[in-house]
Amino acid sequence: MARLFLFAIGGTGSRVLKSLTMLLAAGIKPNSAKEFEIVPIIIDPHNTNEDLKRTERLLNNYQYIAAHSDGKEGFFSTRIQTLDNLVSSANRLSGNFMFNLQQVSGNTFSEYIEFNQLDDANRSLMDILFSGTSINNYHEKVDLLDIKMDIGFVGNPNVGSVVLNQFKDSDEFKEFASNFNQEDRIFIISSIFGGTGAAGFPTILKNIRNAKNNPAIDGKGFLQDSKIGALTVLPYFNLETDTNSPIQKSDFIAKTRAALHYYKDNLTGNHSINALYYIGDDYNGNPYQNDPGDHGQQNKAHFVELAAALGIIDFIEIPDAELHTVEGKAIRPIYKEFGIKNDAPQLRLSDLEIHTEQKLALRLSQLELWNRYLQEHLQEVLEKRSWCISDPAIDKRFLETPFYRTYLSEFLDAYKTWIQEMGENRRGFEPFQQQTALHSFIKDKTASKSLFSKAVDFNMCDDRLNTYAKGKAFASGNQKLLQLFFETTEDILTTKFGL
Amino acid sequence: MKKIYILLIALCISSCTSEIESFNTLAVQMVREDRVLDQQEYEKLIQYIQKSSDTEVFRVFKTDKASIDPEQVHNYLINLFKAKQLMISSENLWNPETYLTANTSFNINVFLENSASMDGYVSGVTQFESDIYSLLGNIKTADFCDTLNLGYVNNGIPYRKRNANLNDIQEFIEKLEPDNFKKRGGERGVSDIKQVLDIVLNQLDQHHAAILISDFVFSPGRDKDAREYMIHQSIGIKNSMTELLEKSDVSMVVLQMNSTFSGMYYTHTNTPVKLTGIKRPYYIWIIGSSPQIKKIIDSHYLEQIKGGYQHEWILNRPREDQKLNFKIQYAPRIGYFSAHGIKEGHLLEAASSREDRTKDLFKFHVAVDFSKSMQPTAFFNNPAHYKLSDPDYTLVIEPLENSSKQIKLSGYTHLLGLQTSHLRDEVLTINLIPELPAWIEEVSAETDRDILKDVAQQQRTLGFKYLAEGIYDAYYKHTEGRSLEQFEITIKQ
Amino acid sequence: MNNFFANLYEWFGFMPLYSSDMKDHLKGWDITCTDFIGTPWYVYIGSLMIITTGFVYALQYHIMDSPRFCEKKHWWLFALILTSFNFLMAMILTYHSIHSGNHCYQLRLGLSDSIGFGISNALWSLLLLMLISSFPLFRRWSTNCSYTTFWKP
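Figured I'd write up the structure that's included with this text. Along every chain, residues carry numbers that run from 1 in the direction the sequence is written. Whichever chain is written first becomes A and whichever ligand is written first becomes 1, with later ones labelled in order. With the structure being a predicted model, the display of local features is reserved for residues of pLDDT at least 70 and the display and counting of side-chain atom pairs for 80 or more, all residues being used for whole-chain, interface and lining totals. Think of the side-chain values as coming from all heavy atoms in the structure, minus any hydrogens and water.

Here we come to the pattern of salt bridges. A side chain with one charge may pair with a side chain of the opposite charge, provided their charged atoms come close. The rule for a salt bridge is simple: a side-chain nitrogen of Lys or Arg has to be within 4 Å of a carboxyl oxygen of Asp or Glu. One pass over the full model with this rule turns up 33 salt bridges over all chains. With a closest N to O distance of 3.4 Å, Lys300(A) and Glu424(A) form a salt bridge. Placement of Lys300(A) in the loop between strand E9 (287–288) and helix H10 (303–317) and of Glu424(A) in helix H15 (residues 402–424) is noted, with a sequence separation of 124 residues between them. Glu424(A) sits in the partly exposed class, given a relative accessible area of 41%. In this structure, Arg68(C) engages Asp457(A) in a salt bridge whose closest nitrogen and oxygen atoms are separated by 2.6 Å. Taken as a pair, Arg68(C) in the loop between helix H3 (41–64) and helix H4 (72–99) and Asp457(A) in the loop between strand E14 (428–429) and helix H16 (458–469) lie in two separate chains rather than in one. In this scheme, a residue with accessible area under 20% of its type's maximum is buried, one over 50% is exposed, and one in between is partly exposed, where area comes from a 1.4 Å probe on protein chains only. Its relative accessible area of 22% is what places Asp457(A) among the partly exposed residues. Where salt bridges share partners, they join Arg385(A), Asp462(A), Glu71(C) and Lys73(C) into one cluster. For helices the rule is a DSSP run of H or I covering at least 4 residues; for strands it is a run of E covering at least 2, with both sets numbered from the N terminus onward.

Okay, here's the thing in structure tokens:
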């Protein structure tokens, strides 16, 4: 199976990765010739970043749940692997999705670059390159060289690029390189207007394309000509004005522009990327709280992240032939942007372009319907409906299994939060109505009903569940829950909602 | 969905009519208005039975798989109409049997015995003449009578008037005078009853019945032992009758009549005694095949004889062709038996009563239809005629009248109650064996020696008992075990 | 057939709920008190009982076959409707036949006989419904009620 190595850099990277995880959980699959499994590698020095922690937890749950999916069609059917899972147990690294940035924790930038041990000339150069101030954990102004790096690069790509350069010498990179096959692909997610992402993206890309010159790694040839896609997130949210903060909305544009200039020469200009996705939003909505990272930057999920995740899917769908690379240069690089049909502050499925809607509507609604059933109805019908009773039983004992009680419930809670946050955000995305009858749970879409067909409600769902469960053999309750609901919700949504 | 459900239930309920119910409804509809079931309607019902798919239920109307028994249909319909409180008389139900019988007629030979002793009955206008006139007049006009032949009989048939019309009858009666008797001849001196009877019996066949009118006084002659003669005659008559009965199914009705008598009476020693204005018995014997006699009896013409008759005695052989129609009654009863088997005359699961009042008793009722019998109803009212195979059973006879409270037992003439305190498995046989009627003894005299003075002797017939015994023996003596009517009831506990 | 239902309704002789006169009437003792050729009520009502029971079973398990009506309380609801119907049907039909004089006059029949027969009929319909629905033989064809019996779920 081919793999997509997905480098998610910084807070934005984590959030896009979270959206992708939701899409994959909903059963959205790239329409590609090959099956891909996703190997996310999160790169963020900001260890305490809440987004990052949430994403990591989410990925763990996903992985556990996906292990019970049959892997062809359905919820959680796309595999997500940690990098260490790819190698034999003897050399295994810690089992997470994080790229371990060396010597970052607790250090200041000057310590990191061993400023004190540099000669004068170099010190002077450093002073010039890293002049300016930033802010520390206590909201005090500090020199850039004295910044503590464990809260990220706080909007300072110049710092980030230095630190992230260690990537090429890391164990993770070596592992990644040695596991990289010709059919695999790489995708890098970063924001252009922040610190970590803006710096990390060119650094990582450069290191991959220059792997040939890296004596420490295997599989150099594959890496040099690998098919690399990247998504760079342009500013898409508003930020509270805080004069004390080192992060300013006004800086976003300037930084973006500067970065784009840089990309023009060093990325796009030299064809080192096969496909580059730009995404951003200039909608002036509710500002985010200005938090430089020390209180655990936790922003509400945003539609742009969802759209960005769709970009990853899109990249996988691009045929190999169009991503041909020779000597580290893409023959025909592709640049893509994302658009919506209606410029509404609160998006619904129908506001999306038809292709997006088609990709999203059915599967996301399936996940929503499944979630609502489990949250609102399952307890009531437990051990009462045929589909629950038939072997393997979905009973009270099943609900106490780690699969359901821990992994699935947590995942679905996260999903609920995710979809709620997107709805609350401005620009928002609110495809579903909460607290409404089931037949109108999708905005703008009401289930058809006639004299001879049943109205969509939980009983009708039970009816379909019973129908689908009838005579089928399931390996386990877990698999039953996944497969049965996927098939049933697909049926209801296609026949009743016309999705 | 609800509508379908309700519809289905309604359908189910409405279809709850068996074929027999539909048959009943059809029959009731046919007679409700006009109280008559005509031939067309009857045939419709027969068609219904024939076409019916429910052979199990309609089996009661059939003798075998295909043939329908009109009698059963008739009886069923009568009962049905009664049960439905439709008062329809049997005559208003078209019945192929009555239709057929109505169309079969026969000839009747009337023989008037004209020995000298008969002169006393015909001198002047007598009861005898008016009786005979009224009887013959009725019979002549009866639909069963094809031709009425009149004649005298003694040692031969000295006079005959064939195919007599009403005028002939009138003439025959009006000319009944001793002179005519003498003129129309024959051996008038001796009354050889056996010979007379032989002559009459010889004339019988399936197209001819006979009526013999005589005083039936034996005339043994001066030198003979009267008693010996009479016994001899009795045996002779018995032999003749037996011979005849072996060949054909002959029945007879003996009517004892009374008339004024004025003339010479010849005693057993052939001594003439003049009797004037006294009452003397004479007899009308009607002899013919059983169906012929049945028709004559059923016509009730005998009851219509002007002066009436004193006694009636009907002699007939057991009916072999038709089973006696009887029916065990479900109720009233004492104890228990299953309704299954009742139809076949079986009392199954029979059990004595357990109630204190009737403890250990077992009683059931059988409705019996004796109407097909030639015997009068009164015959069957007499317990002496019933012989039960189990003497433990006591019998109570209740005649049924159509208009009585037992209205629903229509079709049956008698209700027999049979009770025992010793219930056991058995086949209870009920035989009807006639006895010699008591009145025969009363009208019969051993001697006529004092007839001039003895009123009792005047009103009796010499040796009539011997004559009657001869006939009785011919009919019943040698047919022991073959009773007039018989039916069996199987009792199983 | 008649005997089969007779045995059934008379509880094989162990528990007669009505008089022996009623038994004979139900067997079809005819209006002329002649033979068992009258309306065979046993067969009619017995058949109707089987049909209605089958129908009510089919209604719950196969026609409606709804998750709304697949619990044991619903089973008992259907059973109540069925038994009430069968009770009333048996009682009314026989009582009507008695009342309208369509029976042998020698039989002593009363309302209590009709009620007894109605109870017998209702009980048998209940037992039959229990029987049909207790074994998975038929109900496994049902989508929503394939596990529904009178004791679960």
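This part is about the packing of aromatic side chains. To describe a pair of aromatic rings, one takes the distance between the centres and the angle between the planes. The pairing test for Phe, Tyr and Trp rings, Trp by its six-membered ring, is centres within 6.5 Å, and the orientation test on the planes gives stacked under 30 degrees, edge-to-face over 60, and tilted for anything in between. Going through the model one piece at a time under the given rule, you end up with 74 aromatic pairs over all chains. Plain terms: the ring middles of Phe216(B) and Tyr283(B) are 6.1 Å apart, the flat faces sit at 65° to each other, and that makes the pair edge-to-face. Taken together, the positions of Phe216(B) in the loop between strand E4 (208–214) and helix H12 (226–247) and Tyr283(B) in strand E6 (residues 272–289) put the pair 67 residues apart, joining distant regions of the chain. The burial state of Phe216(B) is the same as that of Tyr283(B); both residues are buried. Connected via pairs of aromatic rings, a cluster forms that spans Phe75(A), Trp370(A), Tyr373(A), Trp387(A), Phe458(A), Phe485(A) and Phe486(A). Only lysine NZ and arginine CZ atoms are considered, and such an atom sits over a ring when it is within 6 Å of the ring centre and within 35 degrees of the ring normal. Positioned above the aromatic ring of Tyr330(B) is the side chain of Arg333(B), whose terminal nitrogen or guanidinium carbon lies 4.3 Å from the ring centre.

Our next topic: the interface of chain C and chain A. By the convention used here, residues are in contact when the closest approach between their heavy atoms is within 4.5 Å. Tallying the contact residues gives 14 residues for chain C and 14 residues for chain A. Summed over the three residues of chain C that lose the most area to chain A, namely Pro67(C), Thr143(C) and Tyr147(C), the buried surface amounts to 45% of that side. Where chain C meets chain A, there are 2 salt bridges. Counted as a polar contact is a pair of N or O atoms within 3.5 Å, where, for protein atoms, one must be capable of donating a hydrogen and the other of accepting one, and residues adjacent in sequence contribute only when both atoms are in side chains. Our count for the chain C to chain A interface comes out at 10 residue pairs in polar contact (both at pLDDT 80 or more). Charged residues are taken to be Asp, Glu, Lys and Arg, nonpolar residues to be Ala, Val, Leu, Ile, Met, Phe, Trp, Tyr, Cys and Pro, and polar residues to be all remaining types, Gly included. Per-class residue counts for the side of chain C that touches chain A are 6 nonpolar, 4 polar and 4 charged. When two components associate, each loses some accessible surface as probed by a 1.4 Å sphere; the sum of these losses over both components is called the buried area.

Attention now goes to the interface of chain B and chain C. At the interface, 33 residues of chain B touch 31 residues of chain C. For the pair chain B and chain C, the summed buried area comes to about 3000 Å², and 65% of that belongs to carbon and sulfur atoms. Inspection of the region where chain B meets chain C yields 1 salt bridge. Residue Arg333(B) is joined to Asp21(C) by a salt bridge in which the shortest nitrogen-to-oxygen separation is 3.8 Å. Scanning the region where chain B abuts chain C turns up 12 residue pairs in polar contact (both at pLDDT 80 or more). Class assignment for the residues of the side of chain B that touches chain C results in 19 nonpolar, 7 polar and 7 charged.

With that settled, consider the sheet that holds strand E9 (residues 346–347) of chain B. Residues and elements named next belong to chain B. In short, DSSP must find at least two bridges between two strands for them to pair. The strand order E9-E17-E14-E11 describes an open sheet built from 4 strands, whose pairing is mixed. Looking along the sheet, the strands with just one partner apiece sit at the ends: E9 and strand E11 (386–388). Inspection of the sheet shows E9 paired to strand E17 (residues 485–491) by 2 bridges, in the parallel sense. Paired with Leu347 across the bridge in E17 is Ile491.

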